[in-house]
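# Descriptive analysis of the structure
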Amino acid sequence: MRKTSNAFVAASWFALLTGMVAYIVGLWNASMLLNEKGYYFAILLYGLFSAVSLQKSVRDQLEGVPVTGIYYGLCWFATLSAVLLLAVGLWNANLLLSEKGFYAMSFMLGLFGAIAVQKNTRDNRSSEPAAAATQKALA
């Protein structure tokens, strides 16, 4: 397996950090109650964790690593429920449409970045033994 390019690794980290920071700064500056801010923050954490867990379980299945059906199903349920909970929260929120779009897009960018960072980390770790073997053969 080839190592992921440094440009894609940097772009993935940039997407993750941009999505998370934008979402959190938006919450920090929002004029909503503290319990609403807590709800949206918890949704972000739940979504990031569930997306990484889903990516890992899908990848494990593709590589022949045993994954139980219940865990695989729970990963899908958690990821979809995080997106649904954000959508329901934004639908019922007293926010401008542009603010709702901002939260939705920064949330999705964060999820994408988390999945990409997890993928890159796994790809680069699995390519290390092959790279070490190649270097040994050249020496």
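As a reminder, the structure under discussion sits directly above these lines.
Residues numbered from 1 in each chain as written. Predicted model: local features only at pLDDT ≥ 70, side-chain atom pairs only at ≥ 80, totals over all residues. Heavy atoms only, no water.

## Observations regarding helix H3 (residues 69-92)
What counts here: Helix numbers and strand numbers start at the N terminus; a helix is a DSSP run of H or I with at least 4 residues, a strand a run of E with at least 2. A helix is expected to span 1.5 Å multiplied by its residue count minus one. Exposure classes here rest on a 1.4 Å probe applied to the protein chains alone. A residue is buried below 20% of its type maximum, exposed above 50%, and partly exposed in between.
Here H3 contains 24 residues, and its C-alpha end-to-end distance of 34 Å stays within 8% of the 34 Å for a straight helix at 1.5 Å per residue. Within H3, burial applies to Cys75, Ala78, Thr79, Ser81, Ala82, Leu86, Gly89 and Leu90.

## Describing the side chain of Asn120
Applicable threshold: By the convention used here, residues are in contact when the closest approach between their heavy atoms is within 4.5 Å.
Structurally, Asn120 can be placed in helix H4 (residues 97-138). Setting aside chain neighbours within four positions, we find Asn120 in contact with Thr4, Phe8, Val9 and Ser12.

## Remarks on the nonpolar core
Note the cut-off: The set of buried Ala, Val, Leu, Ile, Met, Phe, Trp, Tyr and Cys residues whose side-chain atoms join them within 4.5 Å is what this entry labels a nonpolar core.
Core analysis: the largest hydrophobic core is formed by 20 residues, its most contacted members being Tyr23, Met32, Tyr40, Leu86, Tyr103 and Phe107. If you list the elements that add at least two residues to this core, you get helix H1 (6-29), helix H2 (34-62), H3 and H4. In this structure, Phe107 is in contact with Tyr23, Ile43, Leu44, Gly47, Ala82, Val83 and Leu86, ignoring residues within four places of it in sequence.

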